[in-house]
Amino acid sequence: MSSKTHEIAHDVAEHPVHGTAIYWWIGLYLTLVTGGEIACFYFEHVIGPWVTPLILALSAVKFALVVMFYMHLKYDSRVFSGIFIFGAALGTLAITGVTILYHVLDVLR
């Protein structure tokens, strides 16, 4: 077995091969979540102060779906998952901090 064939066999053994149906379902979920984010923007007057946390939560769901399935992180080492989760948490904290400064404490106006 050549090294190229061995590498492909190794990848198939570690990463289960899914049909295209799973990616269509994930695409549908991503479309629905994006629609929810757009609806939050248009119905901001109804939702009130919960718009930003709701959009952040929907964005986190989209981030997790894309990272797990399209980037195949679901089948990789936990170290890579930790790196992505750390980045998402850091971004969420930064956006939440700026939102608190701007809307709650009225510092940046």
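Before going into details, it helps to say that this report is about the structure given with it. Because the structure is a prediction, the values reported are computed rather than measured.

Each value, and the rule that gives it
- Residues numbered from 1 in each chain as written.
- Predicted model: local features only at pLDDT ≥ 70, side-chain atom pairs only at ≥ 80, totals over all residues.
- Heavy atoms only, no water.
- Phe/Tyr/Trp six-rings, centres within 6.5 Å; stacked < 30°, edge-to-face > 60°.
- Buried < 20%, exposed > 50% of the residue type's maximum accessible area, 1.4 Å probe, protein only.
- Helix = DSSP H or I, 4+ residues; strand = E, 2+ residues; numbered from the N terminus.
- Axes fitted to C-alpha atoms, helices over the stretch in contact; angles between N-to-C directions.
- Parallel < 35°, antiparallel > 145°, perpendicular 65-115°, else oblique.
- Left-handed = near helix turned anticlockwise from the far one by under 90°.
- Contact = heavy atoms within 4.5 Å.

### Regarding the packing of aromatic side chains
Reasoning step 1: With the rule as written, the count across this model stands at three aromatic pairs.
Reasoning step 2: Each ring, one from phenylalanine 41 and one from tyrosine 42, has its centre 5.4 Å from the other, and the planes form 75°; the classification is edge-to-face. With respect to burial, phenylalanine 41 and tyrosine 42 carry one shared label: exposed.
Reasoning step 3: Arranged with centres 6.3 Å apart and planes meeting at 55°, the rings of phenylalanine 63 and phenylalanine 84 form a pair that is tilted. In this pair, phenylalanine 63 is assigned in helix H4 (residues 51–70) and phenylalanine 84 in helix H5 (residues 78–104), connecting sequence segments 21 residues apart.
Reasoning step 4: Residue phenylalanine 84 is classed as partly exposed on the basis of its relative accessible area of 28%.

### Brief notes about the packing of H4 against H5
Reasoning step 1: Interaxial distance between H4 and H5 falls to 11 Å at its minimum, and their mutual angle equals 165°. Accordingly, the angle class assigned to the pair H4 and H5 is roughly antiparallel. In this structure, H4 meets H5 at a crossing whose hand is right-handed. Taking contact as the criterion, the partners of Thr52, Leu56, Phe63 and Val67 in H4 are, on H5, Phe84, Ala88, Thr92, Ile95, Thr96 and Thr99.

Read these as spatial facts, not as claims about activity.
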